[in-house]
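# Structural features, examined
Here's the letter readout for the chains.
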Amino acid sequence: MTVLQEFEKHPLAKYLRLERFPHIWCEGCGDGIILNCFVKALDDLGINMDKLVVVSGIGCIGRIAGYIKCDSFHTTHGRPIALATGIKLANPKLTIAVISGDGDLFAIGGNHFIHAARRNVDMTVICSNNFNYGMTGGQFGPTTPLDSYTTTTPYGNIEHPFNLVHLAAAAGAVYVARWTALHVKRLTESIKKALQKKGFKFIEVISPCPEIYGRRNKLGKAIDTMKRYRQICEIRHGYDPAKAEITIEKIIVGEFIDIEKPTYGELLQKQFLTIQKR
Amino acid sequence: MTMHREVLTGKHLMQGDIACAEGAIAAGCKFFAGYPITPATEITERMARRMIEVDGMFVQMEDELASMAAIIGASWAGAKAMTATSGPGFSLMQENIGLAVMTETPCVVVNIMRGAPSTGLPTEGAQQDVMQCKWGSHGDYEIIALAPASVQEMFDLTIECFNFAETYRAPTFLLADGFTGHLWERVVIPSREEIKTVERKKPIVPADKYVPFKPDEDLVPPMACFGEGYRVHVTGLTHDELGYPKTTDPKIQHELVNRLCEKIRKNSDKIIRTYKFMLEDADVAVIAYGIPSRSSLNAVKRAREAGIKAGLLRLITVWPFPEKQVEELSNHVKAIVVPEMNCGQVVREVERVAKETPVHFSSKIGGEPHSPSEIFEVIRRAAKA
Amino acid sequence: MRVEIRIGGFGGQGIIRTGLILATASCVYGDKNAIQTASYGPESRGGRCRSEVIISDEDIDFPKVEHPDILVAMSKEAYLQYVDDLKENGILIVDPDLVPNKRENLKVRMYEVPATKIAEGLGKKIVANVVMIGAFAAITNLFGLEHLKESIRHNVPKAFIKLNLTAFEKGYEYGKSLLKS
């Protein structure tokens, strides 16, 4: 039996473009787990794959759009949310998921993130946060911890990192959660919840990067990172995202925000009806 | 609100920017994303008011990077889409203009050109972005750009831009100067039936037989949009006909990039529009586009009165460059005059094509278009030389 | 026949609207061609402001005013800046309360229309521009009166149509009286 034939037997195979495999991700990378959780969520919800659009940016996780068997767009660096805004507003019947990395969404694309959250455009944004630019060989990014080593912080990082969940909540996201690649079931449930909820939803996934970031910071193998997640993660639902820290000793995970707020589309529809009546 | 019509048939005094917005609506534009910038803001404002009336979508984005990205997304969601800006915003759009080229996304980008570089002269017109329009994004590509010279053309050519964008699956540009954008002039809007609009070519095969980037004979692939069940993957990376990234095979890059260029070049006869005035017996030909072509028309008339055999070739299509037309002309005139509101952009193309024929350039920057007498003087000098 | 008109004043006087009313009257309600261009400073209110209108029986090629046949000056600055561009024997219309100390040796036909004062008499200073349009129509005889009235109805807010038409009539009467004297 060929590898492909073996793949085809997998219950989730129908959600994937199998001809695109093997994927490009390193051994131990969290991106494959995110893909797994995402398609599991699609399967659990029975999502209509003809009405789902996955949009990604540039970076390792950016390739995910090309692996899922639905309409998908692998955009320019930093622009997936802006492009997804256009898709959603032009065809409100589509379900939109943006899956991208910390650098793509919060450095080069940071402005689009905060404004889409503020507008409350209906989309689910999943960020694979691996603390560095893995694809280009490991440079520091907007989430790299202080003192960490990357190719562009050879003497240690002196820039304070973003707390992504705090940023998302402050910008107006209606659902904000953080998990790690270890929390497969909880992450899947979070994705399901987000996909069913209206408005701008954000899920941060702390993701091991053993080959690039891990190696340079002596974090050991991926399995060591996973073990560490188990030791230091603390689940705190409803916790103040401003205080939801990520440190060497502790990572606060959980669902921090789950509120209701009219979406851009709903407000527009209301306005549309008023104008049509005139 | 009494006017919920898509086509405002009738006679109006309209501003160029507003005529452009109305042209877009008449062409079937259903999505507009923009960011305010002088002297293009009036287009955005008009679309904010009008899109909702015609069941379209208006969104003001956070910047021009986002505006350009949003119209690409909207186009893939099936809408005819447009954005409008001026120089500084146009610079920001270049990144995703390249994405539109690479992903063969039909969309219209309006640039109401103002004085530059940088923030330059916000309220003053210019033609300084003509080369940027052709070469602004990285890499080799061909685009279509039309240059209106009147408010009527702001309306007519915007429709034409949509038709070209949808036909060739390429970003298409309305390259107007700030003077024309802010000009108020009569526009006659025909009835809806009289306006020719083009819809994009759709696949005729079922999803399992559809190869998203496999071109037809005209080099343009039929376009399935998101939500139509074809499950298309779109990427800015070099891709094969299935749309999948192929970044280590030189042959794929060669075929894709050449096709993207050739689909415009090979169809250039269908794209190029010019207007000719008194060229049959001309010794001196003025080649102009946009507002200086109107000064030129007046100057040519004055030259004829003064006994100089002058004529005008007005470029309505600037890109792809009307090489054939200019070459033909250069074979039977003694001199060419090119007035531009920049320091010399299209004149380079003219020189390249005209070869031996002397080309006299007339530059005007600062906002005011050339006066007819300025161009007349250059014609007189060119005739003597 | 091509007629070039320049109207100068400051922002907030309705200078640009004046140009639009004249252009609309000619090319939408009348059968002439018309062009209106405007220029103003970065200030939203109170800065220098200029509107130019070209009216022609033929197609208008060059769309800019070079040497106006008619200048309407609604501020001292506009008067000083533009009066020398006016064609010989051109028509100069000024609001005397806004343009003091006019030069005397000009080869122009000058008419003084206290448009702002007349408008104040109607209770709304803002309609001074329409008073000026009325006077302009009487002095130049370039427009069909009905075309101008239609254009005013089209170009001003609904609630103010009546007031503006009254302003127009007042201006027109004043302009006529100037021609008689």
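All of these numbers come straight from a predicted model, not from anything done at the bench. (Residues numbered from 1 in each chain as written. Chains lettered and ligands numbered in written order. Predicted model: local features only at pLDDT ≥ 70, side-chain atom pairs only at ≥ 80, totals over all residues. Heavy atoms only, no water.)

## Examining the overall build of chain B
Looking only at helices and strands, one finds 13 helices and 16 strands in chain B. Here the C-alpha atoms of chain B give a radius of gyration of 21 Å, agreeing with the 21 Å that 2.2 N^0.38 yields for 385 residues. With the C-alpha coordinates of chain B rotated into their principal frame, the extents come out at 70 × 55 × 40 Å. Residue burial in chain B is summarised as follows: out of 385 residues, 66% are buried. For chain B, contacts bridging at least 24 residues in sequence account for 75% of all contacts bridging at least 6. With 43 positive and 50 negative side-chain charges, chain B shows a spacing of 3 Å between the two charge centroids. (Helix = DSSP H or I, 4+ residues; strand = E, 2+ residues; numbered from the N terminus. Rg over C-alpha atoms; globule rule 2.2 N^0.38 Å. Buried < 20%, exposed > 50% of the residue type's maximum accessible area, 1.4 Å probe, protein only. Contact = heavy atoms within 4.5 Å. Lys, Arg positive; Asp, Glu negative; His and termini not counted. Charge placed at Lys NZ, Arg CZ, Asp CG, Glu CD.)

## Focus on the overall build of chain A
The helix and strand inventory of chain A stands at 10 helices and 10 strands. Over its C-alpha atoms chain A spans a radius of gyration of 18 Å, differing by no more than 12% from the 19 Å that the globule rule assigns to 278 residues. In terms of principal-axis extent, the alpha carbons of chain A reach across some 65 × 50 × 35 Å. Among the 278 residues that make up chain A, the fraction classed as buried is 58%. For chain A, the proportion of contacts with a sequence separation of at least 24, taken over those separated by at least 6, is 66%. Element-wise, carbon and sulfur atoms account for 55% of the exposed surface of chain A, whose accessible area totals about 12,100 Å². One finds the centroid of the 35 positive side-chain charges in chain A at a distance of 5 Å from the centroid of its 26 negative side-chain charges. (Areas by Shrake-Rupley, 256 points an atom, 1.4 Å probe, with all protein chains shown as cover.)

## Notes on the domain arrangement of chain B
All names here are of chain B. Domain boundaries assigned for chain B yield domain 1 (10-194) and domain 2 (273-384). Placing the centre of domain 1 and that of domain 2 at their C-alpha centroids yields a distance of 26 Å. On the domain 2 side, the residues contacting the 28 residues of domain 1 number 24 residues. For the pair domain 1 and domain 2, the summed buried surface comes to about 2,100 Å²; carbon and sulfur atoms form 57% of the total. Together, Gln127, Met131 and Ala149 form the three largest contributors to the area buried by domain 1 at its contact with domain 2, with a combined 28%. Applying the counting criterion to the domain 1 and domain 2 interface returns three salt bridges. One can count 15 residue pairs in polar contact (both at pLDDT 80 or more) joining domain 1 with domain 2. Among the elements of the structure, strand E6 (121-125), helix H5 (130-135), strand E7 (144-146), helix H6 (151-168) and helix H7 (178-182) are those that each provide at least two residues to the side of domain 1 that touches domain 2. (Domains from an automatic or database assignment. Buried area = accessible area lost by both parts, 1.4 Å probe. Salt bridge = Lys/Arg side-chain N within 4 Å of Asp/Glu carboxyl O. Polar contact = N/O pair within 3.5 Å; in protein donor to acceptor, adjacent residues only side chain to side chain.)

## Focus on the interface of chain C and chain B
Contacts between the two partners involve 19 residues from chain C and, on the opposite side, 22 residues from chain B. Roughly 1,700 Å² is buried in total at the junction of chain C and chain B, and carbon and sulfur atoms are behind 56% of that figure. Area buried by chain C at its contact with chain B is led by Asp61, Phe62 and Lys64 of chain C, which between them contribute 32% of it. Across the contact surface, chain C and chain B share two salt bridges. Counting every contact that joins chain C to chain B gives nine residue pairs in polar contact (both at pLDDT 80 or more). Within the residue set of the side of chain C that touches chain B, elements represented by two or more residues are helix H1 (15-29) and strand E2 (33-40) of chain C.

## With respect to the environment of Arg314 of chain B
Residue and element names in this part refer to chain B. When you line up the elements, Arg314 lands in strand E13 (residues 310-315). On the basis of relative accessibility, which here comes to 11%, the residue Arg314 falls in the buried class. Taking C-alpha positions, Arg314 is 9.3 Å from Ala149, a pair spaced 165 residues apart along the chain. The residues touching Arg314, leaving out its near neighbours within four places in the chain, are Ala147, Ala149, Glu153, Arg273, Thr274, Tyr275, Ala288 and Ser293.

## Focus: the arrangement of the chains
Taking contact number as the criterion, the leading pair out of two pairs of chains in contact is chains A and B. Nowhere do chain A and chain C come into contact; their C-alpha atoms are at least 17 Å apart.

## A look at the nonpolar core
If you look at the biggest cluster of nonpolar residues, it comprises 105 residues, and the most contacted ones within it are Ile43, Met47, Met82 and Val110 of chain B together with Ile5, Phe136 and Leu148 of chain C. If you count residues domain by domain, this core takes at least three from each of domain 1 (10-194) and domain 2 (273-384) of chain B. Core analysis: the second largest hydrophobic core is formed by 101 residues, Ile87 of chain A together with Val109, Ile143 and Phe213 of chain B among them. (Core = buried A, V, L, I, M, F, W, Y, C linked by side-chain atoms within 4.5 Å.)

## Quick word on the sheet that holds strand E12 (residues 284-288) of chain B
Residues and elements named next belong to chain B. Sheet architecture is open: five strands sit in the order E11-E13-E12-E15-E16, paired in mixed fashion. Two strands bound the open sheet, and with one partner strand each, they are strand E11 (274-277) and strand E16 (359-363). Sheet twist, expressed as the average angle between the axes of neighbouring strands with direction ignored, equals 20°. Strand direction decides the pairing type here: E11 and E13, joined by four bridges, are antiparallel. The partner of Phe277 across the bridge, within E13, is Leu312. Docked against the sheet, helix H12 (residues 346-354) engages E12, E13, strand E15 (335-340) and E16, running at close to 165° with respect to E15. (Pairing = 2+ DSSP bridges. Axes fitted to C-alpha atoms, helices over the stretch in contact; angles between N-to-C directions.)

## Here's the deal with the interface of chain B and chain A
If you look at the interface, chain B gives 42 residues, while chain A gives 40 residues. Together chain B and chain A conceal approximately 3,400 Å² of surface at their shared face, both sides included; 59% is due to carbon and sulfur atoms. At the surface where chain B touches chain A, the tally comes to three salt bridges. Linking chain B with chain A are 22 residue pairs in polar contact (both at pLDDT 80 or more). Elements supplying a minimum of two residues to the side of chain B that touches chain A: strand E3 (57-60), helix H3 (64-76), helix H4 (87-102) and strand E10 (233-235) of chain B. Looking at side-chain class alone, the side of chain B that touches chain A contains 25 nonpolar, 10 polar and seven charged residues. (Nonpolar A, V, L, I, M, F, W, Y, C, P; charged D, E, K, R; others polar.)

## Looking at the pairing of strand E4 (residues 123-129) of chain A
Residues and elements named next belong to chain A. Counting buried residues in E4 gives seven out of seven residues, a clear majority hidden from the surface. Direction of pairing for strand E3 (residues 95-101) relative to E4: parallel, over a ladder of five bridges. Paired with Ile99 across the strands is Ile126, a residue of E4. Bridge count for E4 against strand E8 (residues 200-206) is seven bridges, and the pairing is parallel.

## A look at a negative patch on the surface
A cluster of acidic side chains, namely Asp31, Asp57, Glu58 and Asp59 of chain C, defines a negative patch on the protein surface. Within the element layout of this structure, Asp57 of chain C appears in the loop between strand E3 (48-56) and strand E4 (70-73). (Patch = residues over 30% accessible without salt bridge, like charges linked within 9 Å, V, L, I, M, F, W, Y side chains within 5 Å.)

## A short note on the sheet that holds E2 of chain C
Each strand in a sheet pairs with its neighbour through backbone hydrogen bonds, running either in the same direction (parallel) or in the opposite one (antiparallel). Pairing within the open sheet is mixed, and its eight strands lie in the order E1(B)-E9(B)-E2(C)-E3(C)-E1(C)-E4(C)-E5(C)-E6(C). On the outer flanks of this sheet lie strand E1 (10-15) of chain B together with strand E6 (109-112) of chain C, each paired with one strand and no other. Within the sheet, the average angular offset between the axes of one strand and its neighbour, ignoring direction, is 20°. Against the sheet, H6 of chain B makes contact with E1 and strand E9 (184-189) of chain B, and its axis sits at roughly 45° relative to E9 of chain B, the strand it touches most. Across the sheet, helix H4 (residues 128-140) of chain C touches strand E1 (2-10), E4, strand E5 (91-94) and E6 of chain C, and the angle it forms with E5 of chain C is around 155°.

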